[in-house]
Amino acid sequence: MRVLIVGGGGREHALAWKLAQSPHCEAIFAAPGNAGTAELGENLNIHDSDTAAICDAAAERRIDLVVVGPEAPLAAGLVDALTQQGIPAFGPTRDAAQIESSKWFAKSIMQAAGVPHAGGELFETAQAAHKWLEILGPDDLPVLKADGLAAGKGVIVPDHIDDAHEAIDQMFAGAFGSAGERVVIEDRLSGMEASAMAIVSGTDIVPLPLSCDYKRIMDNDQGPNTGGMGVYAPPGFVGDLEAVFASIHQPVVDQMFAGGIEFRGLLYAGLMIDDAATSVLEFNARFGDPETQAMLPLLDGDLLPVLAASARGEALPHNALTHSGKASVSVAIVSGGYPGPYDTGKPIHGLDAVDDSVDVFHAGTAIDDDGRTVTAGGRVLAVTAVADTLAEARGIAYDNVQRITFDGSFHRTDIALRELT
């Protein structure tokens, strides 16, 4: 099969890495890809939001399967456009992608399906949102979410009610663009967070290993939110995995199917787990980033036939993938200044010094005119190690992180530490 992966981050490099291992994979293409995907196949100079160019490229290169990584192309209807041209695509249609592109749509589905989640209200004006906040007590701090897509950064967790009011003004003033034209104010849940992903074909699901990511830029969860500073898998605090997917993913896809929306692709549930009670924080309609970089190395078997079956709406081959039973830790190396302004074009040193057993997934990288691998984004690399125990994986990951350098590089030092202390 000839596979085109849409996107250019660490998730897409990890997907290319895994799919390239399939005996069914003839060629890998990435649009636009990065320095990592270039080592596995051919990068196409096409932005992931250019639907027409992606469809043309898929037809010209006789692509058998398109795998869509980012959320924005899904919400824009890329899968719909590819399907109209008879090109199988892994990912939900525009309608099904609403489970991520609209927080309120997701809440409506969860409510109808009986899936536990944080209570909340939808607001279309700042005035109405302020009035709601005034009803809350000083200790009833909520969570504020842009209803639409905000590149993983549309969630604000205020430390004081005054901060919540200020955030409302910023959101309705355009801090998150059109994504913040409507705002959801939610009850704040407490507990431990985990990410649960499943491959879906209609009402058929294949669960994948759970993981835990770190959003804040600094150790001890300090500083602003990022796209993800690291992740480990699997979490030790989750009990019955079958129960998680049976009580969260299955009711949601069943409810969507009953409402005339067939979900095909990857359904991601962000969970809050407290005293064995599990609630949903959010749903995403694609592989998580950086969770994918830690999860895929734990899978034994061939991922390609499973994604292809989902794209075609067929029954999924449940025995094609197994969990290795090992643990993984993935540490992000980011540009100085991230998640704020940062410089690019910094030469990356030490990639050839990494252990053979360690995977370095490229996110914000490129090849410059001199053939050097250089920085090209905020999150630059994800260094992933797999071992029999979480402690071993963590030690190997950080040992190899130290070998990679570029001007201004930064990383958290506490990924997975909470499970080990």
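Rules used throughout
- Residues numbered from 1 in each chain as written.
- Predicted model: local features only at pLDDT ≥ 70, side-chain atom pairs only at ≥ 80, totals over all residues.
- Heavy atoms only, no water.
- Salt bridge = Lys/Arg side-chain N within 4 Å of Asp/Glu carboxyl O.
- Helix = DSSP H or I, 4+ residues; strand = E, 2+ residues; numbered from the N terminus.
- Buried < 20%, exposed > 50% of the residue type's maximum accessible area, 1.4 Å probe, protein only.
- Expected span 1.5 Å × (residues − 1).
- Arc of directions from axis to C-beta.
- Pairing = 2+ DSSP bridges.
- Axes fitted to C-alpha atoms, helices over the stretch in contact; angles between N-to-C directions.
- Contact = heavy atoms within 4.5 Å.
- 1 Å grid on protein atoms, 1.4 Å probe; cavity = no way out; pocket = protein on both sides within 12 Å on 5 of 7 lines; lining within 4 Å.
- Points joined across faces, edges and corners; volume = space filled by probe spheres on them.
- Nonpolar A, V, L, I, M, F, W, Y, C, P; charged D, E, K, R; others polar.
- Parallel < 35°, antiparallel > 145°, perpendicular 65-115°, else oblique.
- Phe/Tyr/Trp six-rings, centres within 6.5 Å; stacked < 30°, edge-to-face > 60°.
- Lys NZ or Arg CZ within 6 Å of the ring centre and 35° of its normal.
- Core = buried A, V, L, I, M, F, W, Y, C linked by side-chain atoms within 4.5 Å.

K.L.:
Lay out the pattern of salt bridges in plain terms, naming residues and giving numbers.
P.N.:
Counted under the stated rule, the structure contains 20 salt bridges. In this structure, the salt-bridge partner of Arg-286 is Glu-71, at a minimum N-O distance of 3.5 Å. Remark: Glu-71 occurs in helix α4 (residues 71–75) and Arg-286 occurs in the loop between β15 (277–284) and α12 (291–295); sequence separation between them is 215 residues. Take Arg-286 and Glu-71: they sit in the same class, and that class is buried. Where salt bridges share partners, they join Glu-42, Glu-60 and Arg-61 into one cluster.

K.L.:
Requested: an account of helix α9 (residues 161–172), with residues and values cited.
P.N.:
Helix length check: α9, at 12 residues, gives a terminal C-alpha distance of 17 Å against a target of 16 Å (1.5 Å per residue), a fit within 8%. Of all the positions in α9, only Ile-161, Ala-164, His-165, Ala-167, Ile-168 and Met-171 are classed as buried. For α9, the buried positions fall inside an angular range of 160° around the axis, keeping them on one side. Positive phi shows up at Gly-174, right after α9, with a value of about 105°.

K.L.:
An account of the sheet that holds strand β10 (residues 192–201) is requested, with residue identities and associated values reported.
P.N.:
Taken together, four strands build an open sheet; the order of strands is β11-β10-β14-β15 and the sheet is antiparallel. The strands lining the two open edges of the sheet, one partner per strand, are β11 (204–207) and β15. Averaged over neighbouring strand pairs, the angle between their axes works out to 35° when direction is ignored. Across 10 bridges, β10 lies against strand β14 (residues 264–274) in antiparallel orientation. Directly across from Met-197, in β14, lies its bridge partner Tyr-268. Sitting on the sheet, helix α13 (residues 304–312) is in contact with β10 and β14, with an inclination near 65° to β10.

K.L.:
Summarise the environment of Pro-23; cite the residues concerned and give the values.
P.N.:
Position of Pro-23 relative to the elements: it lies in the loop between α1 (10–19) and β2 (27–32). A sequence separation of 358 residues divides Pro-23 from Leu-381, and the C-alpha atoms of the two residues are 27 Å apart.

K.L.:
Can you lay out the layout of surface pockets for me, pointing to particular residues and giving the numbers?
P.N.:
Of the volumes computed, that of the second largest pocket is approximately 440 Å³. Residue lining of the second largest pocket: 17 residues in total, with Val-155, Ile-156, Val-157, Pro-224 and Asn-225 positioned closest to the centre. For the lining of the second largest pocket, the secondary-structure elements that each account for two or more residues are β8 (155–156), α9 and β13 (222–233). Take the lining of the second largest pocket: its biggest share by element is four residues, from α9. Looking at side-chain class alone, the lining of the second largest pocket contains eight nonpolar, three polar and six charged residues.

K.L.:
Quick one: what's the story with the sheet that holds β8, residue by residue and with numbers?
P.N.:
Hydrogen bonding along the main chain pairs the strands of a sheet, whether they run parallel or antiparallel. Pairing is antiparallel in the open sheet, where four strands are placed in the order β6-β9-β7-β8. Looking along the sheet, the strands with just one partner apiece sit at the ends: β6 (120–123) and β8. Contacting β6 and β9 (183–186), helix α8 (residues 126–135) runs over the sheet at an angle of about 150° to β6.

K.L.:
Explain the packing of helix α7 (residues 103–113) against helix α11 (residues 249–258) to me, and be specific about the residues and the numbers.
P.N.:
Two numbers describe how α7 lies on α11: the axes approach to 9 Å, and their chain directions differ by 100°. Classified by the angle between their axes, α7 and α11 sit roughly perpendicular to one another. Only Pro-251, Val-252, Gln-255 and Met-256 of α11 make contact with α7, whose side of the interface consists of Phe-105, Ile-109, Met-110, Ala-112 and Ala-113. Considering only residue class, the contact of α7 with α11 consists of eight nonpolar, one polar and no charged.

K.L.:
Give a description of the side chain of Arg-2 that names residues and reports values.
P.N.:
Checked against the element boundaries, Arg-2 lands in strand β1 (residues 2–7). Residues in contact with Arg-2, not counting those within four places in the same chain, are Glu-26, Ala-27, Phe-29, Arg-61, Arg-62, Ile-63, Asp-64 and Leu-65.

K.L.:
Any chance you could break down the packing of aromatic side chains for me, citing the residues and the numbers?
P.N.:
Geometry of an aromatic ring pair is reported as the spacing of the ring centres plus the angle between the planes. Within the structure shown, the criterion is met by five aromatic pairs. A centroid spacing of 6.2 Å and a plane angle of 55° characterise the contact between Tyr-214 and Tyr-232, whose relative ring orientation is tilted. Note that Tyr-214 is positioned in strand β12 (residues 212–218) and Tyr-232 in strand β13, a separation of 18 residues in sequence. In this structure Tyr-232 comes out as buried when scored by relative accessible area, which is 0%. Taking the ring centre of Tyr-214 as reference, the NZ or CZ of Arg-418 above it sits at 4.6 Å.

K.L.:
If you had to explain the side chain of His-165 to someone new, which residues and values would you point to?
P.N.:
Topologically, His-165 is positioned in helix α9. Every residue in contact with His-165, bar those within four places of it in the chain, is listed here: His-130, Leu-133 and Glu-134.

K.L.:
Quick rundown of the nonpolar core? Include the residues and the values.
P.N.:
Nonpolar side chains tend to gather and get buried jointly when the protein is soluble and globular. Membership of the largest hydrophobic core comes to 76 residues, with the highest contact counts inside it found for Leu-4, Val-66, Ile-99, Val-252, Met-256, Phe-283 and Val-329. Once you skip the residues sitting within four places of it in the chain, Val-329 turns out to touch Val-231, Tyr-232, Val-383, Thr-384, Ala-385, Leu-390, Ala-393, Arg-394, Ala-397, Ile-415 and Ala-416. Among the nonpolar cores identified, the runner-up in size contains 32 residues, and Cys-25, Met-295, Leu-299 and Ala-382 belong to it.

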